[in-house]
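This is what each chain is made of:
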Amino acid sequence: MITKINEAVAYIRRVYSISPSVGIVLGSGLGSFTDEMVIDKEIPYGEIPHFPVSTVEGHSGKLIFGEMGGKKVVAMAGRFHYYEGYSTAEVVFPIRVMKFLGVETLLISNAAGGMNTGFKVGDLMVITDHISLFSANPLIGKNIAELGPRFPDMSEPYKKTLIDKVKIIAAAKNIDLKEGVYCGVSGPTFETRAEYKLLKVIGGDAVGMSTVQEVIAAVQMNMTVFAMSVITDIGIREEENKITHAEVLEAAGNAEPKLTYLFKELIAQL
Ligand code: HPA
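Remember, it's a predicted structure, so these values are computed and weren't measured experimentally. (Residues numbered from 1 in each chain as written. Predicted model: local features only at pLDDT ≥ 70, side-chain atom pairs only at ≥ 80, totals over all residues. Heavy atoms only, no water.)

Caption draft 1: The arrangement of the nonpolar core in detail. The biggest cluster of nonpolar side chains holds 80 residues, and the ones touching the most others in it are Ile12, Ile24, Leu63, Val97, Leu106 and Phe226. Setting aside its immediate chain neighbours within four residues, Leu63 contacts Ile12, Lys41, Glu42, Ile43, Tyr45, Ile48, Phe51, Val74, Ala75 and Met76. In terms of nonpolar packing, the next biggest core, distinct from the first, is built from 10 residues, Met115, Cys183, Leu199 and Val248 among them. (Core = buried A, V, L, I, M, F, W, Y, C linked by side-chain atoms within 4.5 Å. Buried < 20%, exposed > 50% of the residue type's maximum accessible area, 1.4 Å probe, protein only. Contact = heavy atoms within 4.5 Å.)

Spelled out as structure tokens, the structure:
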């Protein structure tokens, strides 16, 4: 694993020699965030040794290096989901590469379904904590000491100081910000009505098919993490409506300017 990470890092450094300090992972329908970056270099995943290649619609599949909020950043346009058939090691591989490139702070976005009945489509939810319902933890297997401890503490996976900063940024701009617990599931099915109810009962506010495995890998490596969901559909509902991927992408796209603003300001204040 370490050899693979080092080979990926060595290739990237040959093409682009600057070390980014902030890493950004963009969720479904949230890819145009990078329009706000001053782009130095784009590297398609397919060119990087050992990098998986993204297959899902709405993800373009490249690392984008550049500047935002006065910091050097690297954004993943397109991420790897467990439901696509990637192993957990593949899902978290880019996060490990980011760490070895010098990234200290990781900002993650995702599209999620809402269980909290106070939420509506288009809301932004700061993730304060998560519940992993993935059967596979990405750290299962022989521990790789170079990455971090065998049993990482998970008492504060999402950095409170960053959450507080974003709340202040949002309030100053009159952006309505929800906060809550994200449940990570494998997908690719959306939840049944009974499943959304269950997730609510166990303490979840939103549910999605990404993020948790990436955050676990990042926390093991002692990265500082901030993550935010765009609520793209409401799971607990009276009507008979169905949830579609198109609807998720549309809702994410509509909420994107607010999310971009918050990420940009947060990066400037890091
Ligand atoms: N469930 C799981 N993943 C999702 C959802 C959902 O309702 N919406 C967007 N991603």
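Caption draft 2: Structural view of the site of the ligand. Every residue close to the ligand is listed here: Ala111, Ala112, Gly113, Phe190, Glu191, Tyr196, Val207, Gly208, Met209, Thr232, Asp233 and Val248. Within the backbone of Gly113, an N or O atom sits 3.3 Å from a nitrogen atom of the ligand. At 2.6 Å from a nitrogen atom of the ligand is found a side-chain nitrogen or oxygen belonging to Glu191. Considering the ligand on its own, with 260 Å² of exposed area, one finds that the protein chains cover 96% of that surface. Those elements that place two or more of their residues in the shell around the ligand are strand E5 (105-114), strand E8 (206-208) and strand E9 (224-234). Of the residues forming the shell around the ligand, the biggest block, 3 residues, is contributed by E5. (Near = heavy atom within 4 Å. Polar contact = N/O pair within 3.5 Å; in protein donor to acceptor, adjacent residues only side chain to side chain. Areas by Shrake-Rupley, 256 points an atom, 1.4 Å probe, with all protein chains shown as cover. Helix = DSSP H or I, 4+ residues; strand = E, 2+ residues; numbered from the N terminus.)

Caption draft 3: Inspection of the pattern of salt bridges at higher detail. Taken as a whole, this structure holds 10 salt bridges when the rule is applied. For Lys72, the salt bridge is made with Glu67, and the minimal N-O distance between the two is 3.3 Å. On the basis of relative accessible area, Lys72 is assigned to the partly exposed category, the value being 23%. A salt bridge links Asp176 to Lys120; its shortest N-O distance comes to 3.9 Å. Separated by 56 residues along the polypeptide, Asp176 in the loop between helix H3 (160-172) and strand E7 (177-184) and Lys120 in the loop between E5 and strand E6 (124-132) bring together distant segments of the chain. Looking at Asp176, the relative accessible area reads 40%, which means it is partly exposed. With relative accessibility at 47%, the residue Lys120 sits in the partly exposed group. Within this structure, Lys120, Asp123, Asp176 and Lys178 form a network of salt bridges that share partners. (Salt bridge = Lys/Arg side-chain N within 4 Å of Asp/Glu carboxyl O.)

Caption draft 4: Broad picture of the packing of aromatic side chains. Per the counting criterion, the structure on display carries 8 aromatic pairs. Summarising the aromatic geometry, the rings of Tyr82 and Phe134 are spaced 6.1 Å apart at their centres and angled 75° between planes, so their arrangement reads as edge-to-face. With a gap of 52 residues between them, Tyr82 in the loop between strand E4 (71-77) and helix H2 (88-101) and Phe134 in the loop between E6 and H3 connect regions that are remote in the sequence. Judged by relative accessible area, which is 8%, Phe134 ranks as buried. The residue whose ring lies beneath Lys173 is Tyr261, and the NZ or CZ to ring-centre distance is 4.7 Å. (Phe/Tyr/Trp six-rings, centres within 6.5 Å; stacked < 30°, edge-to-face > 60°. Lys NZ or Arg CZ within 6 Å of the ring centre and 35° of its normal.)

Caption draft 5: Quick look at a nonpolar patch on the surface. A cluster of nonpolar side chains, namely Leu133, Leu198, Val201 and Ile202, defines an oily patch on the protein surface of about 380 Å² accessible area. Within the element layout of this structure, Leu198 appears in helix H4 (residues 193-201). (Patch = residues over 30% accessible without salt bridge, like charges linked within 9 Å, V, L, I, M, F, W, Y side chains within 5 Å.)

Caption draft 6: Seen up close, helix H1 (residues 2-15). Taking 1.5 Å of rise per residue, 14 residues should cover 20 Å, and H1 covers 20 Å from first to last C-alpha, within 8% of that figure. Of all the residues in H1, the buried ones are Ile2, Ile5, Ala8, Val9, Tyr11 and Ile12. Elements that come into contact with the buried residues of H1 comprise strand E2 (38-44), strand E3 (62-68) and H2. (Expected span 1.5 Å × (residues − 1).)

Caption draft 7: Seen up close, the pairing of E9. Among the 11 residues in E9, 10 count as buried, and that is most of the element. By the bridge criterion, 10 bridges tie E5 to E9 in an arrangement that is parallel. Bridging from a neighbouring strand, Asn110 pairs with Ser229 of E9. Two strands pair when backbone bridges link them, and E6 and E9 are joined in this way by 3 bridges, in the antiparallel orientation. Each bridged residue has a counterpart across the sheet, and for Met125 the counterpart in E9 is Ser229. (Pairing = 2+ DSSP bridges.)

Caption draft 8: Local environment of the packing of H1 against H2. Running from N to C, H1 and H2 point in directions that differ by 60°, and their axes come no closer than 9 Å. Compared by their axis directions, H1 and H2 come out oblique. The handedness of the crossing between H1 and H2 comes out as right-handed. Seen from H1, the contacting residues are Ile2, Lys4, Ile5, Asn6, Ala8, Val9, Ile12 and Arg13; seen from H2, they are Phe93, Arg96, Val97, Phe100 and Leu101. Classifying every residue of the contact of H1 with H2 gives 9 nonpolar, 1 polar and 3 charged. (Axes fitted to C-alpha atoms, helices over the stretch in contact; angles between N-to-C directions. Parallel < 35°, antiparallel > 145°, perpendicular 65-115°, else oblique. Left-handed = near helix turned anticlockwise from the far one by under 90°. Nonpolar A, V, L, I, M, F, W, Y, C, P; charged D, E, K, R; others polar.)

Note that all results are geometric; they support no functional claim without further evidence.
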